[in-house]
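Commentary on secondary and tertiary structure
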Amino acid sequence: EPGFGPEILTGLWYTNQYPESAWQADWIRLATRFRHDSAFVGADLRNEPHITGSVFDMKSYFKLGPLWGAFNNVYYHDRDWHYAAQTLGNELLKINPNLLIVVEGVQMYYDPFMKSLTGALWGSNLIGVQYDPIVLDRPSQLVYSVHEYGPKMWPGDWFNAGTSYQQLSDRWTNLWGYLLTAPKFMQAPILVGEFGTCDDWYVCVHDPTHPARQGFWFQSFVRYMQSHPQVGWAYWALNPDGPFQPDQRDYYSLMTYDWHHYYPLIPYGLAPLLKEPNG
């Protein structure tokens with residue numbers, strides 16, 4: 001499981017078989033080996049921290065996945081993704097001060113002042129940054145990252161027949177977009193490290209009449225990204241196989257299964273983000 005994807009067993013950045021010390025040592029080894037390689041520009045420290053199980057409540061947040069910063073004014077460093085990422089990030093910057101330290105969010109966060117528990121997709125909740133921002137010895141090297149997917153991937157309760165663009169926009173702003181206009185001490189560049197849609201039907205990228213479906217989500221997210229051009233992004237995925245089995249067809253891929261062509265639907269859907277600034 002280590003390095004294969006998110007840690008399914010724990011939702012953390014380590015397991016009993018792959019302890020935190022191994023996670024740290026692996027990154028330190030990589031940063032040391034490639035510190036003079038100009039192609040190694042950044043380290044996305046862990047993919048999609050999340051809770052385990054299917055119950056989304058305070059007990060699950062506290063016991064079954066990562067915390068971000070303090071919980072009820074107490075710091076639990078064995079579960080605090082903010083602390084782990086900040087600590088390792090500073091160690092990597094000692095090796096390569098030019099490395100970008102990419103830190104994803106968590107899935108759930110309990111706001112101690114608003115007294116509210118907010119859930120999101122795996123790694124896509126950065127609400128806690130306003131109370132516990134990542135502090136690096138070289139602040140300019142920090143990048144926050146989130147992933148975003150539609151109801152075809154996860155039918156969250158924010159998708160329903162009454163969903164509007166404004167509701168989705170407000171949700172993204174609440175989870176991470178607020179950082180774009182936040183006070184300077186908590187700001188950092190934001191990278192949407194993954195977002196994508198199915199490549200085989202027009203309604204995968206455009207469906208204005210069905211708010212609970214994939215196309216409505218995708219065109220809404222592209223619209224949100226277009227209105228926030230300072231946010232970086234990467235489409236998932238380029239490759240047509242996987243991600244869990246080598247011979248499995250990835251229906252979110254840009255490339256056809258034989259690698260000879262690309263699906264025109266994806267560039268069509270992304271067109272608003274692919275235009276030249278003055279185009």
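Structural notes, computed from the coordinates. (Residues numbered from 1 in each chain as written. Predicted model: local features only at pLDDT ≥ 70, side-chain atom pairs only at ≥ 80, totals over all residues. Heavy atoms only, no water.)

1. Considering empty space enclosed by the protein
For the coordinates displayed, the defined rule picks out one cavity of 30 Å³ or more. Each pocket or cavity is described by its volume, and for the largest cavity that value is around 30 Å³. In terms of lining residues, the largest cavity is bounded by Ala120, Leu121, Ser124, Glu148, Trp158, Arg171 and Leu175. Split into classes, the residues belonging to the lining of the largest cavity amount to four nonpolar, one polar and two charged. (1 Å grid on protein atoms, 1.4 Å probe; cavity = no way out; pocket = protein on both sides within 12 Å on 5 of 7 lines; lining within 4 Å. Points joined across faces, edges and corners; volume = space filled by probe spheres on them. Nonpolar A, V, L, I, M, F, W, Y, C, P; charged D, E, K, R; others polar.)

2. Some words on the layout of surface pockets
Its volume calculated, the largest pocket comes out at about 1,400 Å³. What lines the largest pocket is a set of 44 residues, among which Gly5, Pro6, Asn47, Glu48 and Glu194 lie closest to the centre. Within the residue set of the lining of the largest pocket, elements represented by two or more residues are helix H1 (20–33), strand S1 (42–44), strand S2 (100–104) and strand S6 (190–195). Here the element with the most residues in the lining of the largest pocket is H1; it accounts for four residues. Broken down by class, the residue content of the lining of the largest pocket amounts to 25 nonpolar, ten polar and nine charged. (Helix = DSSP H or I, 4+ residues; strand = E, 2+ residues; numbered from the N terminus.)

3. Looking at the state of the cysteines
For the structure on display, the rule yields one disulfide. Each disulfide pairs two cysteine sulfurs, and for Cys198 the partner residue is Cys204, the sulfurs being separated by 2.0 Å. Judged by the sign of its S-S torsion, about -110°, the cystine formed by Cys198 and Cys204 is left-handed. Residue class for Cys198 comes out buried when judged on its relative accessible area of 4%. Residue classification places Cys204 among the buried residues on the basis of a relative accessible area of 3%. (Disulfide = S-S within 2.5 Å. Buried < 20%, exposed > 50% of the residue type's maximum accessible area, 1.4 Å probe, protein only.)

4. Some points on the packing of H1 against helix H3 (residues 81–95)
Taken N-terminus to C-terminus, the directions of H1 and H3 make an angle of 30°; their axes are 10 Å apart at the nearest point. Considered as vectors, H1 and H3 are oriented roughly parallel to each other. The way H1 lies across H3 gives a crossing that is right-handed. Where H1 approaches H3, its residues Glu20, Trp23, Gln24, Trp27, Ile28, Ala31 and Thr32 are matched on the opposing element by Trp81, Ala84, Leu88, Leu92 and Ile95. Classifying every residue of the contact of H1 with H3 gives nine nonpolar, two polar and one charged. (Axes fitted to C-alpha atoms, helices over the stretch in contact; angles between N-to-C directions. Parallel < 35°, antiparallel > 145°, perpendicular 65-115°, else oblique. Left-handed = near helix turned anticlockwise from the far one by under 90°. Contact = heavy atoms within 4.5 Å.)

5. Some details on the nonpolar core
By size, the foremost hydrophobic cluster in this structure holds 72 residues, and its most contacted members are Leu45, Trp68, Trp81 and Trp176. Not counting chain neighbours up to four residues away, the residues in contact with Trp176 comprise Ser124, Leu126, Val146, Ile190, Val192, Phe221, Tyr224, Met225 and Val231. (Core = buried A, V, L, I, M, F, W, Y, C linked by side-chain atoms within 4.5 Å.)

6. A closer look at the pattern of salt bridges
Throughout the structure, instances matching the rule amount to three salt bridges. When the shortest N-O distance is used, the salt bridge between Glu7 and Arg46 registers 2.6 Å. Of this pair, Glu7 sits in the segment before H1 while Arg46 sits in the loop between S1 and helix H2 (58–63), and the two are 39 residues apart along the sequence. In terms of burial, Glu7 and Arg46 fall into one category: buried. In this structure, Arg249 and Asp199 form a salt bridge, with 3.0 Å as the shortest nitrogen-oxygen distance. You can see Arg249 sitting in the loop between strand S7 (232–235) and helix H6 (265–274) and its partner Asp199 sitting in the loop between S6 and helix H5 (214–226), a full 50 residues away along the chain. What makes Arg249 partly exposed here is its relative accessible area of 22%. Asp199 sits in the buried class, given a relative accessible area of 3%. (Salt bridge = Lys/Arg side-chain N within 4 Å of Asp/Glu carboxyl O.)

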